[in-house]
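# Examination of the molecular architecture
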Amino acid sequence: MPLSLPHAFVKRHAWIALTGLALGPQAVADEPTQVVASFSVLADMVRNVGGDRVEVTSLVGPDSDPHVYSPRPTDARALAEADLVVLNGLQFEGWMTRLLDASGYQGKTVVATDGVPLLAYGGQSLHRQDEEGDEHDGHDHDSHEEHDGHEEHGGHGDHDSHEDHEDHDGHDDHDSHDHGEYDPHAWLDLSAGLIYVANIRDGLIAVDPDNSEHYASRADSYMEDIQAAHDQVLALLDDLPEHAQVIVGHDAFGHFSRAYGIDFLSPVGLSTEAEPSAADIARMVDVIRERQIPALFVENMSSPALMEQLSEETGVPIAGSLYNGALSEEGMTSHYLGMILHNAEVLHQGLVDAEGHDHDDSHDHHDSHDDHDHDHDH
């Protein structure tokens, strides 16, 4: 993939050794690029692209929810010392603009969703489907190739300062969690993940041009892994019923749905902090029964109480746990690609088992994806 190298951001190093002697140019050059990522998924992407040339701090760590995160004083210090900041954008990190202001950071900021095809958020999926009936738009199962030229999708140019995207990402009311008109969870579509990686690559090259070949090579290799995982997810979910419907705790899987053709219903909106009303729960029970929803899924960042209540009232089993906004501390789901493949496997297993047990017209499905070795540190 041809690279367009931005104008280099000049890094400042004022580092004095304990002996009182200034470090020489070679020692300074060997210092890794300091990158702050807003949450764990982005941090994993940066590590894959940067390798040993980056040192990454994730403000929101594994198994932690970016929706309800409250920045700490140490976060402002980390930003003040950073060479590069990477955030999702699309109002996902409602706390980020104020944190950047508090830190005084004036360096380059990568908005990872720049150029990603936007997905309008039309309100809670339960109510949205009530209004639309059973009609469904077609889901695009094409490969990422149609999205490769991410400049065509409304990229926002070179974000040399966080001031460039305050309208794009920030809002002042931390408690409202107003995610705006677009679904920000774009990384759940691996085609969009390719654009994330390209943006991260370009940001690293901009602040560390001496290692541009290193970043470009690692990004190319990582993109190959992403494409392979995308193809694997398509193959794994291809034998499921068209527009299979499942229930999740909050409405975060729109991009996954658009890419891979499973419809996710939720009684609440985009934020994990939202609480369903008694009417929402009652309506969801009716929907599960009327549509014979085969499976419920909990999420790693949300309390399982709602799904347990729905399962108890309807008799529909909880088929597994899905990951969306946070990686785990260890295991397969501690990496971005492992997280997506885990979700596909759990969905496949839950829906195939439900179909086999609950429907007369069950099909012979094969799930040979029990073991994956997803070490993406090339």
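Overview of the structure. (Residues numbered from 1 in each chain as written. Predicted model: local features only at pLDDT ≥ 70, side-chain atom pairs only at ≥ 80, totals over all residues. Heavy atoms only, no water.)

Right, let's get into the overall build of the protein. Along its length, the protein carries 12 helices and 8 strands. Classification of the 378 residues of the protein by burial places 54% in the buried group. Of the accessible surface of the protein, which amounts to about 16900 Å², a share of 46% is contributed by carbon and sulfur atoms. (Helix = DSSP H or I, 4+ residues; strand = E, 2+ residues; numbered from the N terminus. Buried < 20%, exposed > 50% of the residue type's maximum accessible area, 1.4 Å probe, protein only. Areas by Shrake-Rupley, 256 points an atom, 1.4 Å probe, with all protein chains shown as cover.)

One pass over the structure, following the stated rule, counts 3 salt bridges. Two residues, Asp202 and Arg201, come together in a salt bridge whose shortest N-O distance is 2.9 Å. Pair check on accessibility: Asp202 and Arg201 agree, each one buried. Put simply, Glu290 and Arg283 hold a salt bridge, and the shortest N to O gap is 3.6 Å. With a relative accessible area of 24%, Arg283 lands in the partly exposed category. (Salt bridge = Lys/Arg side-chain N within 4 Å of Asp/Glu carboxyl O.)

It is worth spelling out the environment of Arg283 at this point. Structurally, Arg283 can be placed in helix 10 (residues 278-290). When the C-alpha atoms of Arg283 and Pro267 are compared, they prove to be 8.3 Å apart, with 16 residues separating the residues in sequence.

With that out of the way, let us pick up the nonpolar core. Residues Trp187, Phe256 and Tyr336 are the most contacted members of the largest nonpolar core, which totals 83 residues. Broken down by element, this core gets its largest block of residues, 11 residues, from helix 7 (residues 190-207). Those residues in contact with Tyr336, other than ones at most four positions away along the chain, are Val41, Asp44, Met45, Trp187, Asp189, Leu190, Gly193, Tyr222 and Leu327. In this structure, Leu265, Ile281, Leu296 and Met307 belong to the second largest nonpolar core, which totals 14 residues. (Core = buried A, V, L, I, M, F, W, Y, C linked by side-chain atoms within 4.5 Å. Contact = heavy atoms within 4.5 Å.)

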